[in-house]
Amino acid sequence: MTTQDFQRAEERQQVSQEQSQSQADKAVNKGVFEIAILGRVIWNLHSLNNEGTIGNATEPRTVVLWDGTKTDGVSGEMMKHIHAFWTWLQAKNATGIPLCTACQRFQPQRADAARVGLPSEDNALAVKEVLSRCALCDLHGFLVQDPPINRQSTVEFGWIVGVRDSVHREFHIHARHAVAERGAARAAKEVAAQMVYSTSEGQKGRQKKEVAAQMVYHRPTRSGVYALVTLYQPWRIGLNEVDYTYVLDDSQRQLRHGLILTAYEWTFKRPDGAMITTRLPHIEGFEGVVLVSRQPVPVPLLSPLRDDYLERLQALAQKQGIEAHRFGDLVKLIDILQPLAKAQPLRLFQS
Ligand SMILES: [Zn+2]
């Protein structure tokens, strides 16, 4: 072997070592840029979200799709509120995760109700202060009037919307009886709802007997298959979007990221909302896909309203180098989310 051959062999070895080192670094530094969860849930006999009450009738929430189809819906605000609550519950009971004075008490105004000590002349500094002192303000966003600063949530929910031809609604009549009207001695004035009868609208016979002594009202109950869309952006945790610097170190960002993933688990296991005291949903199933982007590439968001959404999303994900993890039930979903909770949120740049 000549000296030149030897040098070339050495160079090749060096290049090969550098390549394998770079691959090893990538494997260790498998940060997470974005996560989307898209799927179909089956909820029975719930009344989680309503338009409001008109007279004695509660109107269920109705939404209209592009083709004019009217269907059932549960608002994204409701889901986000539930997710925020589960995030807060963990933060409140953990050590080393700060909450501002407003979020200590889960006040909906967040940073706007904890303005004391915020610099008023420097918005970048004010945002830095809010992100440093509160995980919930960082993760779920805030809007402060003075100084005028805001932050968009790292978690976003779309409407949970009934899949075409897969939603059913029923109205039930309820009768509330006052004690006095039922022959008891005391006046009913101070005594509110005492007894509730529930009967379907078909059973009018029973209602007749009670009509003089009752206040009748109509309540909806719904069952259906619903399309669910949610997006989460771990790369923005601790990112001050006034001057684009990261305010937190990696360990703090990782802790906050873990809260979000666990809050997702709890939100899907335990959806919350209106009328759950008497209409706690019967959760029958949840299937879908978790998309994970490890590079700064946005995940695709094709709606599960489409019957072929799983196949199309998998094809899209494959073309963009995005991981697609399918699940057929809640247990499988949790199996996907738990390892992701240990991952590191991607840091786009050092600051
Ligand atoms: Zn806060």
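If you're wondering where the values come from, they're calculated on a predicted model, not measured in any experiment. (Residues numbered from 1 in each chain as written. Predicted model: local features only at pLDDT ≥ 70, side-chain atom pairs only at ≥ 80, totals over all residues.)

(A) Expanded view of the overall build of the chain. The number of helices and strands found in the chain is nine helices and 15 strands. A buried classification covers 33% of the 351 residues belonging to the chain. Long-range pairs, those at least 24 residues apart, make up 74% of the contacts in the chain between residues at least 6 apart in sequence. (Helix = DSSP H or I, 4+ residues; strand = E, 2+ residues; numbered from the N terminus. Buried ≥ 20, exposed ≤ 12 C-beta atoms within 10 Å, placed from the backbone. Contact = placed C-beta atoms within 7 Å.)

(B) Structural view of the packing of helix H2 (residues 76–93) against helix H7 (residues 250–269). For the pair H2 and H7, the least separation of the axes is 8 Å and the interaxial angle reads 125 degrees. It follows from the interaxial angle that H2 and H7 lie oblique. Crossing of H2 over H7 shows right-handed handedness. Residues Met79, Ile82, His83, Trp86, Thr87, Gln90 and Ala91 of H2 lie in contact with H7, whose contacting residues are Leu259, Ile260, Thr262, Ala263, Tyr264, Trp266 and Thr267. Partitioned by chemical class, the residues of the contact of H2 with H7 number nine nonpolar, five polar and no charged. (Axes fitted to C-alpha atoms, helices over the stretch in contact; angles between N-to-C directions. Parallel < 35°, antiparallel > 145°, perpendicular 65-115°, else oblique. Left-handed = near helix turned anticlockwise from the far one by under 90°. Nonpolar A, V, L, I, M, F, W, Y, C, P; charged D, E, K, R; others polar.)

(C) Broad picture of the packing of H7 against helix H9 (residues 330–341). It is at 9 Å that the axes of H7 and H9 come closest, and there the two elements cross at 170 degrees. Taken as axis vectors, H7 and H9 run roughly antiparallel relative to one another. Note on element contacts: H9 touches H7 through Leu330, Leu333, Ile334, Leu337, Leu340 and Ala341, opposite Gly258, Leu261, Thr262, Tyr264, Glu265, Phe268 and Lys269. Class assignment for the residues of the contact of H7 with H9 results in nine nonpolar, two polar and two charged.

(D) How the structure looks around the nonpolar core. Counting residues in each nonpolar core, the largest one holds 72 residues, and the members touching the most others are Ala111, Val130, Cys134, Leu136, Cys137 and Leu291. The greatest single-element share of this core, amounting to seven residues, is contributed by H2. What Val130 contacts, discounting residues up to four positions off in sequence, is Ala111, Leu118, Cys137 and Phe142. (Core = buried A, V, L, I, M, F, W, Y, C linked by C-beta atoms within 7 Å.)

(E) Quick peek at the environment of Phe33. Along the chain, Phe33 turns up in the loop between helix H1 (3–28) and strand E1 (34–46). For Phe33, a count of 20 C-beta atoms within 10 Å gives the class buried. The spatial distance from the C-alpha of Phe33 to the C-alpha of Arg294 is 5.2 Å, given a sequence separation of 261 residues.

(F) Main features of the pairing of strand E5 (residues 70–74). Among the five residues of E5, four are classified as buried, and the element is accordingly described as predominantly covered. Both strand E4 (residues 62–64) and E5 contribute to a ladder of three bridges, which runs antiparallel. Opposite Val63, over in E5, you have Thr71 as the bridge partner. Where E4 folds back onto E5 in an antiparallel hairpin, the turn is made up of five residues, including Gly68, whose phi is positive at roughly 90 degrees. (Pairing = 2+ DSSP bridges.)

(G) Fine view of unusual backbone geometry. Geometrically, the link from Asp146 to Pro147 is a cis peptide bond, its omega value of 0 degrees lying close to zero. Positionally, Pro147 belongs in the loop between strand E6 (142–144) and strand E7 (149–151). Not every positive phi belongs to a glycine, and Arg110 is a case in point at roughly 50 degrees. Following the sequence through the fold, Arg110 ends up in the loop between helix H3 (101–104) and helix H4 (123–133).

(H) Broad picture of H2. Compared with an ideal rise of 1.5 Å per residue, which puts 18 residues at 26 Å, H2 spans 26 Å between its outermost C-alpha atoms and is within 8% of the ideal. For H2, the complete set of buried residues consists of Met78, Met79, Ile82, His83, Ala84, Trp86, Thr87, Trp88 and Ala91. (Expected span 1.5 Å × (residues − 1).)

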